[in-house]
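# Descriptive analysis of the structure
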Amino acid sequence: MKYYELLVIFDSIKGYFYKLYNICYALVLIPLVIFLFLYYQAQVEKSLPIVQNQETLLLLRWSLFLTALGGLISVQLYIRKQLIKVGQAVSLGEKMDRYFPLALVRTCLGSFSAFLMNIGFFLTSSIWFAITFGLIMLWIWWQWPTPKRFCKDLAVRKDERELMLNSKDSF
């Protein structure tokens, strides 16, 4: 039994998404709380940033941004490739089992990218990192694993789509 199979035990579609949402919320809340704390500290204490050299600031800005962007692009391409394979599964239950870890990977990498922007904001107090953090949070919101997103990502059959969107209490 794989590590994520323990997470995927569910008795209804509603329970499946409830469990998925809770894990994704926890993954997103960690960098969000850190950012809010850092932003509050920057506004209240008005302390000088750790990195003040313009060349170092520019290098840090681009290296963190390109690392985050590379991670988001690579996970998007990987997930898209995997979703095509998952969409070919026969049963809805199998599709759901295989979609769960992919949704977690996508959310986790988005959270990691947001965390990188937190590091940049901590070191530089640059509003550029705050804006990029916000854009990454919008990307996470856009990629959020909902039943509608599940149907779109996997191109499920019409009867499976009706089951996912309308009768979430029974499986």
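Relevant structure appears above.
Anyway, here's the lowdown on the structure attached to this text. (Residues numbered from 1 in each chain as written. Predicted model: local features only at pLDDT ≥ 70, side-chain atom pairs only at ≥ 80, totals over all residues. Heavy atoms only, no water.)

## Observations concerning helix H5 (residues 147-154)
- Of all eight residues in H5, six are buried, a share of seventy percent or more.
- Residues of H5 that are buried include every one of Pro147, Arg149, Phe150, Cys151, Asp153 and Leu154, and no others.
- The inward-facing, buried residues of H5 abut helix H1 (13-45), helix H2 (54-87), helix H3 (92-124), helix H4 (127-142) and helix H6 (158-166).
- Following H5 by one or two positions, alanine 155 has its phi on the positive side, about 50°. (Buried < 20%, exposed > 50% of the residue type's maximum accessible area, 1.4 Å probe, protein only. Helix = DSSP H or I, 4+ residues; strand = E, 2+ residues; numbered from the N terminus. Contact = heavy atoms within 4.5 Å.)

## A few points about a nonpolar patch on the surface
- Together, Tyr39, Ile127, Ile131, Leu135, Leu138, Trp141 and Trp142 make up a nonpolar patch on the protein surface, roughly 820 Å² of accessible area in all.
- Of the residues forming the nonpolar patch, the biggest block, six residues, is contributed by H4.
- Within the secondary structure, isoleucine 127 is located in helix H4.
- Judged by its relative accessible area of 53%, isoleucine 127 is exposed. (Patch = residues over 30% accessible without salt bridge, like charges linked within 9 Å, V, L, I, M, F, W, Y side chains within 5 Å. Areas by Shrake-Rupley, 256 points an atom, 1.4 Å probe, with all protein chains shown as cover. Salt bridge = Lys/Arg side-chain N within 4 Å of Asp/Glu carboxyl O.)

## Structural notes on the side chain of glutamine 76
- Locating glutamine 76 in the fold gives a position in helix H2.
- Residue classification places glutamine 76 among the buried positions, given a relative accessible area of 16%.
- Sequence-distant contacts of glutamine 76, that is, excluding residues within four places in its chain, are made with Arg106, Trp139 and Gln143.

## So, the packing of H1 against H3
- Running from N to C, H1 and H3 cross one another at 5°; their axes reach a closest spacing of 9 Å. Between H1 and H3, the angle falls in the class roughly parallel.
- In terms of residue class, the contact of H1 with H3 is made up of 23 nonpolar, three polar and one charged. (Axes fitted to C-alpha atoms, helices over the stretch in contact; angles between N-to-C directions. Parallel < 35°, antiparallel > 145°, perpendicular 65-115°, else oblique. Nonpolar A, V, L, I, M, F, W, Y, C, P; charged D, E, K, R; others polar.)

## Structural notes on the nonpolar core
- Formed by 42 residues in total, the largest nonpolar core has its most connected members in Leu20, Tyr99, Met117, Phe150 and Met164.
- Of all elements in the fold, only H1, H2, H3, H4 and H5 reach the threshold of two or more residues within this core.
- Per-element tally for this core: the top contributor is H3, with 11 residues.
- Non-local contacts of methionine 164, meaning those with residues more than four positions away in its chain, are made with Ile13, Phe17, Leu92, Met96, Pro147, Phe150 and Cys151. (Core = buried A, V, L, I, M, F, W, Y, C linked by side-chain atoms within 4.5 Å.)

## Section: the pattern of salt bridges
- Summed over the entire model, instances satisfying the criterion amount to six salt bridges.
- Aspartate 153 is the partner of arginine 106 in a salt bridge, and the nearest nitrogen-oxygen pair spans 3.0 Å. Here aspartate 153 lies in helix H5 and arginine 106 lies in helix H3, a separation of 47 residues in the sequence. In terms of burial, arginine 106 and aspartate 153 fall into one category: buried.
- A salt bridge links glutamate 160 to arginine 157, with the nearest nitrogen and oxygen atoms 3.3 Å apart.
- Glutamate 160 gets classed as buried once you look at its relative accessible area, which sits at 4%.
- Taken together, the salt bridges that share partners define one network made up of Lys95, Arg157, Asp159 and Glu160.

Read these as spatial facts, not as claims about activity.
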